Amino acid sequence: MSVRLSGPPLSGTRVDGLLLGIDFGGTKMAVGVADAQGRLLAHRRVPTYADRGAPQALERALDLAGELLAGVGGPLAAAGVASPGVVRPDGIDLAPNVPGWERLRLADAVRDALDVARVAVDNDLNAAALAELRLGALRDADPGLVVGIGTGVAAAVTVGGVVVAGHRRAAGEIGYAVAGGPWPGTMLELDFSGRALDRLAEELGLPDGAAGLAAAAERPGPARDALAARVDEVARHLVTCCLLLDPQRVVLVGGVARNTLIRGLLVDRLTEVLPHRPDVVLSRFADDAALFGALTLAREAVPAPR
């Protein structure tokens, strides 16, 4: 990865020491260390093992962070953390995919384990949107919409170069949108997300979860019909998001979004009905948009010189 953490909001900011980024996800965790100029020096991705609970995931991520920092060498200036859910100082809301995640105090845990004073924590899609604003596809687009389709589904809104957090910092939690019927139906994330597609593949007797479903759906038949119905559901919600925001560009992130067939079906549906279709692009960060967002959070946690 050759991305550097540069951008207009950071001009003139001097960073003495290393920057640490941690991206917690329902399936994987990524840890990266960058230097003061924003060069990524070391990074690693490990499984979350969500079914084993939150404490082990946090402990393993912090151990990995310590290992990478020791390998690079040098003082740690700041850390940034990207987490599922709505992050509060004393806990986390709306993060059901890892049992016990709601009880974590991430900033305190990172601060204590790594002896670093500056720790910034934000929602993972907000962090991904920050990376797109500073380093990626939203540098020249306003407003912007970042849609994450991975283990879960969520969105983040950017306006005027800022990520819009919302009154309770819960903006973009579209996974909780009402889907299906009769009222109140179910949650969108239970219909369309990596885990939802894994369950659908199992119901259809297909191996390899969401990837196997998408492979089978390349041909006409039951798998194609079932997948298209799920894409229809998420497309309805994204159409509403686009009509409300009128974004210049939509950036898709996450493992499911990288599937060519699924992305193509989704873009076709938006094109068919939107009177003013935005640009729809795939993030160039692959799996690491939230990690680069976490590193950017760390850099922006360092105060500008007076």
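Residues numbered from 1 in each chain as written. Predicted model: local features only at pLDDT ≥ 70, side-chain atom pairs only at ≥ 80, totals over all residues. Heavy atoms only, no water.

Help me understand the sheet that holds strand β8 (residues 144–149) in this model?
With mixed pairing, five strands are arranged side by side in an open sheet as β10-β9-β8-β13-β14. Each edge of the open sheet is held by one strand with a lone partner, namely β10 (162–164) and β14 (279–282). For this sheet, the mean inter-axis angle between neighbouring strands, taken without regard to orientation, is 25°. One ladder, built from three bridges, connects strand β9 (residues 153–159) with β10; its direction is antiparallel. Opposite V159, over in β10, you have V162 as the bridge partner. Strands β8, β9, β10 and β13 (249–253) of the sheet are contacted by helix α3 (residues 124–135), whose axis makes an angle of about 45° with β9. (Pairing = 2+ DSSP bridges. Helix = DSSP H or I, 4+ residues; strand = E, 2+ residues; numbered from the N terminus. Axes fitted to C-alpha atoms, helices over the stretch in contact; angles between N-to-C directions. Contact = heavy atoms within 4.5 Å.)

Please explain the state of the cysteines as it appears in this structure.
By definition, a disulfide links the sulfur atoms of two cysteine residues through a covalent bond. Applying the stated criterion to the full structure yields zero disulfides. Of the cysteine sulfurs around C241, a residue in no disulfide, the closest is that of C242, at 6.8 Å. (Disulfide = S-S within 2.5 Å.)

What am I meant to see in the packing of helix α5 (residues 194–203) against helix α6 (residues 209–216) here?
When two helices pack together, you describe them by how their axes are tilted relative to each other and by the distance separating the axes. It is the contact of α5 with α6, at a shortest axis distance of 7 Å, that shows an interaxial angle of 65°. Regarding the angle of α5 to α6, the classification is roughly perpendicular. With respect to the hand of their crossing, α5 and α6 are arranged in left-handed fashion. Residue-level contacts link G194, L197, D198, L200 and A201 of α5 to G209, A210 and L213 of α6. Along the lines of polarity and charge, the residues of the contact of α5 with α6 split into five nonpolar, two polar and one charged. (Parallel < 35°, antiparallel > 145°, perpendicular 65-115°, else oblique. Left-handed = near helix turned anticlockwise from the far one by under 90°. Nonpolar A, V, L, I, M, F, W, Y, C, P; charged D, E, K, R; others polar.)

Help me understand the packing of aromatic side chains, please; the structure alone is not making it clear to me.
Centre distance and the angle of the planes are the two values used to describe a pair of aromatic rings. One pass over the structure, following the stated rule, counts two aromatic pairs. Look at F24 and W101: their rings are 5.0 Å apart centre to centre, the planes differ by 65°, and that puts the pair in the edge-to-face class. On the criterion of sequence distance, the pair formed by F24 in strand β1 (residues 18–24) and W101 in the loop between β6 (91–93) and α2 (106–114) is long-range, its members being 77 residues apart. Here F24 falls in the buried class, since its relative accessible area comes to 1%. (Phe/Tyr/Trp six-rings, centres within 6.5 Å; stacked < 30°, edge-to-face > 60°. Buried < 20%, exposed > 50% of the residue type's maximum accessible area, 1.4 Å probe, protein only.)

Help me understand the sheet that holds strand β3 (residues 40–47) in this model?
Two pairing modes exist for strands in a sheet, parallel and antiparallel, and in both the strands are linked by backbone hydrogen bonds. Read across the open sheet, the five strands follow the order β3-β2-β1-β4-β7; overall the sheet is mixed. The two strands at the open ends of the sheet, each matched to only one other strand, are β3 and β7 (119–123). When the angles between neighbouring strand axes are averaged without regard to direction, this sheet yields 15°. Pairing analysis gives seven bridges linking strand β2 (residues 28–34) to β3, with the strands arranged antiparallel. Residue A30 lies in a different strand from β3, and its bridge partner there is R45. Strands β1, β2, β3, β4 (76–83) and β7 of the sheet are contacted by helix α9 (residues 289–300), whose axis makes an angle of about 140° with β1.

All quantities given are derived from atomic positions and should not be read as evidence of function.
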